[in-house]
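Okay, here's what each chain looks like letter by letter:
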Amino acid sequence: MPIAVWLYLASYIDRANIGNAKVLGLANALHLTSNQYNWALSIFFIGYVIFETPSNIILRKVSPRWYIPLLTVIWGLVCALFATVKSAAGLLAIRFFLGIAEAGFLPGIVYWLSCWYPRSVLGRRFGVLYSTVSLTGAFGGLLATAIHALDGTHGIAGWQWIFIVEGCITAGFGIIALFVMSAYPATAHFLSEEERRIVILTNEADRAQKATETFNGKQIRSAFTDWRTYVWALVYITIYIPVYSVILSLPTVVTGLGYKGTTATLMACPPYGVGFIIVLLAGWTADKYGRLYYHYIASILVTVVALIVLMTVENLVVRYIMFFFVMFMFVPVSICWAWLTANLAGPNKRAAGMGLVFSVGNIGGAVSGQIYRAEWAPRYVQGHAINLGCYALALIAGTVLWWSYKTDNAARDRAAKETVKRTKPLDLIGEDLGDLGDRHPSFRYFL
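Residues numbered from 1 in each chain as written. Predicted model: local features only at pLDDT ≥ 70, side-chain atom pairs only at ≥ 80, totals over all residues. Heavy atoms only, no water.

Trainee: Which residues make up the overall build of the protein chain, and what are the values?
Mentor: Looking only at helices and strands, the protein chain has 18 helices and 0 strands in total. Over its C-alpha atoms the protein chain spans a radius of gyration of 22 Å, differing by no more than 12% from the 22 Å that the globule rule assigns to 447 residues. Along the three orthogonal principal directions, the C-alpha set of the protein chain runs to about 65 × 50 × 35 Å. For the protein chain, buried positions account for 58% of its 447 residues. Sequence-distant contacts, at least 24 apart, represent 82% of the contacts inside the protein chain between residues at least 6 apart. Total accessible area on the protein chain is roughly 17000 Å²; 70% of this is exposed by carbon and sulfur atoms. (Helix = DSSP H or I, 4+ residues; strand = E, 2+ residues; numbered from the N terminus. Rg over C-alpha atoms; globule rule 2.2 N^0.38 Å. Buried < 20%, exposed > 50% of the residue type's maximum accessible area, 1.4 Å probe, protein only. Contact = heavy atoms within 4.5 Å. Areas by Shrake-Rupley, 256 points an atom, 1.4 Å probe, with all protein chains shown as cover.)

See below:
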């Protein structure tokens, strides 16, 4: 878990540091127009969309022990090379290659964690992991401001130092991970024989996950023929667009509130600190009480109210306070990680399904760079309205998934003449779900 957190923190800092670098001199140095900058934000996600699905399928063939650290080293080095960019065209090119290099990491690390823990404790784990995103907003801004103090050292501009330092740190994390990361519980060197047996049996009881399962093409293909996979993809597009658009643009939006330069970067930090706490609490309550759908709905509604206030109120203090409530936008993402991984049975279908969902969902990332446009400043009413529309679709798609899971569970309970509770122990010990996976009559979906 600590490995995943550190690597994910590094990945988000590297993908979002362009927002801080822009405020701290990148835009002026490269003479970027607002349109060029927006495309630099969007083109990153094109690489994501292309490579995420095949990357997660490759992960089922190649050990995560090597694959994930190698990706980390590569994208860290690419990030450091941003310092060599001299034009808008160069910025577009290197942002695209950063997306290619980093694409396999997120679905890979979420899949990897889902192989270690039973479904009933994934909410906290993914809450801890995704809370690093909000921490990135706070810590990333502070780090960028601190690094910018090197401005002019060795003739290198402050915004260039941001990419050099942060990219080298990421590559260093990847090298460390090569030596300390384990692929799966069955091969974990830091666990005793008894501990390995407990982890393996817990996962088998929870979702009939066998330590000996190998690559299976039929199970991989089942992810592409399951209609729910595409509804999940719609969920991810519609909850990722608001998250990415705010992360990439918050320093610029805060500038619209009247703050400039370093002050704008620092003023974007406190809301992210609140977001960090909210995501951790949501993960804890999700594991304790279940009801993933209710967590999903409630957090979206809070965010929607905050966006409506931002659209309608002109008072700068009130608008800034609303950004603290906008940070509820992080909760649906971490909840959906737990919800999606809980309801894809079998490591092959889970890997392929997650790759496809994340890949299609990141089309939203490409769109997000176009939402908070400079000509819509300072209130960005159109940008907030687009995010409201996204959340309306997210509410509908999430409700469709919840209802389908609920009715399937009820039908399976009737067929088995029993009600299978989420907390019932040892449900699937000795069960073989085979190619049916989560369609097996013994499997129950999390709600």
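Resuming the write-up.
Trainee: Account for the packing of helix 3 (residues 64–80) against helix 4 (residues 88–102), with residues named and values stated.
Mentor: At a minimum axis separation of 8 Å, helix 3 and helix 4 run at an interaxial angle of 170 degrees. The pairing of helix 3 with helix 4 is recorded here as roughly antiparallel in orientation. Handedness of the helix 3/helix 4 crossing: left-handed. Taken together, the residues of helix 4 that come into contact with helix 3 (itself represented by Leu-71, Ile-74, Trp-75, Val-78 and Cys-79) are Ile-94, Phe-97, Leu-98, Ala-101 and Glu-102. In the contact of helix 3 with helix 4, the residues fall into 9 nonpolar, no polar and 1 charged. (Axes fitted to C-alpha atoms, helices over the stretch in contact; angles between N-to-C directions. Parallel < 35°, antiparallel > 145°, perpendicular 65-115°, else oblique. Left-handed = near helix turned anticlockwise from the far one by under 90°. Nonpolar A, V, L, I, M, F, W, Y, C, P; charged D, E, K, R; others polar.)

Trainee: Now, about the pattern of salt bridges: what can you tell me, with residues and values included?
Mentor: Here the idea is simple: oppositely charged side chains can pair when their charged atoms come close. This model, assessed by the stated rule, comprises 7 salt bridges. Between Lys-349 and Asp-226 there is a salt bridge, and its shortest N-O distance comes to 2.9 Å. Of this pair, Lys-349 sits in helix 16 (residues 347–361) while Asp-226 sits in the loop between helix 9 (217–225) and helix 10 (227–256), and the two are 123 residues apart along the sequence. Among the residues examined, Lys-349 registers a relative accessible area of 3% and is labelled buried. (Salt bridge = Lys/Arg side-chain N within 4 Å of Asp/Glu carboxyl O.)

Trainee: Which residues make up the state of the cysteines, and what are the values?
Mentor: Per the counting criterion, the structure on display carries 0 disulfides. Of the cysteine sulfurs around Cys-115, a residue in no disulfide, the closest is that of Cys-336, at 19 Å. Look at Cys-115 and you get buried, because its relative accessible area is 4%. Of the cysteine sulfurs around Cys-336, a residue in no disulfide, the closest is that of Cys-390, at 14 Å. Cys-336 sits in the buried class, given a relative accessible area of 0%. (Disulfide = S-S within 2.5 Å.)

Trainee: Can you lay out empty space enclosed by the protein for me, pointing to particular residues and giving the numbers?
Mentor: Where empty space is left can be seen by rolling a probe of water-molecule size over the atoms. Tallied over the entire structure, the rule returns 3 cavities of 30 Å³ or more. The volume enclosed by the second largest cavity comes to roughly 50 Å³. The wall of the second largest cavity is formed by Asp-226, Arg-228, Thr-229, Trp-232, Leu-340, Asn-343, Leu-344, Gly-353, Val-357, Tyr-405, Asp-438 and Tyr-445. Of all the elements in the fold, those that place two or more residues in the lining of the second largest cavity are helix 10 and helix 16. A total of 3 residues in the lining of the second largest cavity trace back to one element, the largest contributor, which is helix 10. Looking at side-chain class alone, the lining of the second largest cavity contains 6 nonpolar, 3 polar and 3 charged residues. (1 Å grid on protein atoms, 1.4 Å probe; cavity = no way out; pocket = protein on both sides within 12 Å on 5 of 7 lines; lining within 4 Å. Points joined across faces, edges and corners; volume = space filled by probe spheres on them.)

Trainee: Please provide a residue-by-residue account of the nonpolar core, values included.
Mentor: Core analysis: the biggest nonpolar cluster contains 117 residues, and Leu-129, Trp-232, Tyr-236, Ile-239 and Trp-337 have the highest contact counts within it. Apart from residues lying up to four places away in sequence, Leu-129 is in contact with Met-1, Ala-4, Val-5, Tyr-8, Ile-109, Val-110, Leu-113 and Trp-337. Counting 6 residues, the second-largest nonpolar core is a separate cluster that includes Leu-24, Ile-147, Trp-161 and Ile-162. (Core = buried A, V, L, I, M, F, W, Y, C linked by side-chain atoms within 4.5 Å.)

Trainee: Requested: an account of the packing of aromatic side chains, with residues and values cited.
Mentor: Under the definition given, this model contains 32 aromatic pairs. Centre to centre, the rings of Tyr-130 and Trp-337 are 5.0 Å apart; their planes meet at 75 degrees, and the pair counts as edge-to-face. Of this pair, Tyr-130 sits in helix 6 (residues 122–148) while Trp-337 is found in helix 15 (residues 330–342), placing the two residues 207 residues apart along the sequence. With a relative accessible area of 1%, Tyr-130 lands in the buried category. Judged by relative accessible area, Trp-337 falls into the buried class, the value being 1%. Between Tyr-293 and Tyr-294, the ring centres sit 5.8 Å apart and the planes meet at 55 degrees, which makes this aromatic pair tilted. Take Tyr-294: its relative accessible area is 44%, and that puts it in the partly exposed class. The positively charged end of Arg-228 is found above the aromatic ring belonging to Tyr-445, 4.8 Å away from the centroid. (Phe/Tyr/Trp six-rings, centres within 6.5 Å; stacked < 30°, edge-to-face > 60°. Lys NZ or Arg CZ within 6 Å of the ring centre and 35° of its normal.)

Trainee: Got a sec to walk through the side chain of Arg-196? Specific residues and values, please.
Mentor: Here Arg-196 is to be found in helix 8 (residues 193–207). Looking at Arg-196, the relative accessible area reads 17%, which means it is buried. Here the side chain of Arg-196 touches Glu-193 through a polar contact of 3.0 Å, side chain to side chain. (Polar contact = N/O pair within 3.5 Å; in protein donor to acceptor, adjacent residues only side chain to side chain.)

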